[in-house]
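# A closer look at the structure
The residues making up each chain are set out below.
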Amino acid sequence: MKRRDFIRCSALAFIGTLPLSRAYAAVRLSFDEMYEGNAILGLTFSEKLQAADDKTVSIDGFMAPPLKANASFFVLTDQPVSLCPFCNSDQDWPANIVVVELIKKDDFVQANKPIRVTGRLSLGSRTDPETGFVSLVRLSEATFEVL
């Protein structure tokens, strides 16, 4: 084997051992793909959303204003909003929001700037012990980027 071929094969073998970044490994979701049914008869999680549970996903949307300035989570919405869409229970959970729990606290962006959020999807009712915020759909260990 020629030295050049050996180096090329070694480099390709090394690259093959590197983990894929979350952005490349993420399942792409949109708000339109998350639910089935209608508002009158009731919404249910779509098959695509259920299949992505506990997997890394990315969703594009808008950051709602945080409940408090130094929160480690925010609400992702499908359209820009001026107030945080706070829910008292998952009974009236809007189909156009996802709770995003950040890996680390980060600066919040203006509500009218589109962002892409990547994190681990979690489904089911959960109440945040610190704020009392009830969520039905969450992304944990999440990061975001302004688009």
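To start, this report covers the structure provided alongside it. (Residues numbered from 1 in each chain as written. Predicted model: local features only at pLDDT ≥ 70, side-chain atom pairs only at ≥ 80, totals over all residues. Heavy atoms only, no water.)

### Focus: unusual backbone geometry
Here is the rule we go by: Helix and strand definitions follow DSSP, with helices as H or I runs of at least four residues and strands as E runs of at least two, each counted in order from the N terminus.
Although it is not a glycine, Asp 54 sits at a positive phi angle of roughly 70°. In this structure, Glu 141 takes a positive phi of about 50° despite not being glycine. Secondary-structure assignment places Glu 141 in strand 8 (residues 134–146).

### Digging into the environment of Ser 135
Where we set the bar: The buried label goes to any residue with under 20% of its type's maximum accessible area, the exposed label to any with over 50%, and the partly exposed label to all in between, with areas taken from a 1.4 Å probe on protein chains only. A 3.5 Å cut-off defines polar contacts: any pair of N or O atoms within that distance qualifies, except that in protein one atom must be a possible hydrogen donor and the other a possible acceptor, and neighbouring residues in sequence count only when both atoms are side-chain atoms.
For Ser 135, the position within the fold is in strand 8. Taking relative accessible area as the criterion, Ser 135 reaches 2% and is therefore assigned buried. Sequence separation between Ser 135 and Leu 123 is 12 residues, and the spatial gap between their C-alpha atoms is 8.7 Å. At 2.9 Å, the side chain of Ser 135 forms a polar contact with the side chain of Arg 138.

### Details of the packing of aromatic side chains
Aromatic rings in a pair are described by how distant their centres are and how their planes are angled relative to each other. Definition in use: The criterion for an aromatic pair is that two Phe, Tyr or Trp rings (for Trp, the six-membered ring) have centres within 6.5 Å, with stacked assigned to planes under 30 degrees apart, edge-to-face to planes over 60 apart and tilted to the rest.
Tallied over the full model, the rule gives two aromatic pairs. On the basis of an interplanar angle of 40° and a centroid distance of 5.9 Å, the ring pair of Tyr 35 and Phe 45 is categorised as tilted. Of this pair, Tyr 35 sits in strand 2 (residues 35–38) while Phe 45 sits in strand 3 (residues 42–45); the two residues are 10 residues apart in sequence, bridging distant segments of the chain. For the ring pair Phe 74 and Phe 144, a centre distance of 5.6 Å and an interplane angle of 80° mean the geometry is edge-to-face. Of this pair, Phe 74 sits in strand 5 (residues 73–77) while Phe 144 is found in strand 8, placing the two residues 70 residues apart along the sequence. For the residue pair Phe 74 and Phe 144, the accessibility class agrees, reading buried in each case.

### Digging into the environment of Arg 138
Here is the rule: By definition in these notes, contact holds between two residues if any of their heavy atoms fall within 4.5 Å.
Here Arg 138 shows up in strand 8. Measuring from C-alpha to C-alpha, the distance between Arg 138 and Leu 121 comes to 5.8 Å, with 17 residues separating the pair along the chain. When near neighbours in sequence (up to four residues on either side) are disregarded, Arg 138 contacts Val 98, Val 99, Glu 101, Arg 120, Leu 121, Ser 122, Leu 123, Gly 124, Ser 125 and Arg 126.

### Here's the deal with the pairing of strand 5
The test is simple: DSSP-based pairing: two strands are paired if at least 2 bridges between them are found.
The element strand 5 is largely enclosed, with a buried count of five among its five residues. Neither face of strand 5 is open: one carries Phe 73, Val 75 and Thr 77, the other Phe 74 and Leu 76, and all of them are buried. Both strand 4 (residues 56–63) and strand 5 contribute to a ladder of two bridges, which runs antiparallel. What sits directly across from Met 63, in strand 5, is Leu 76. Bridge count between strand 5 and strand 6 (residues 97–102): five bridges; the pairing is antiparallel. Within strand 6, the position partnered with Val 75 by the bridge is Val 99.

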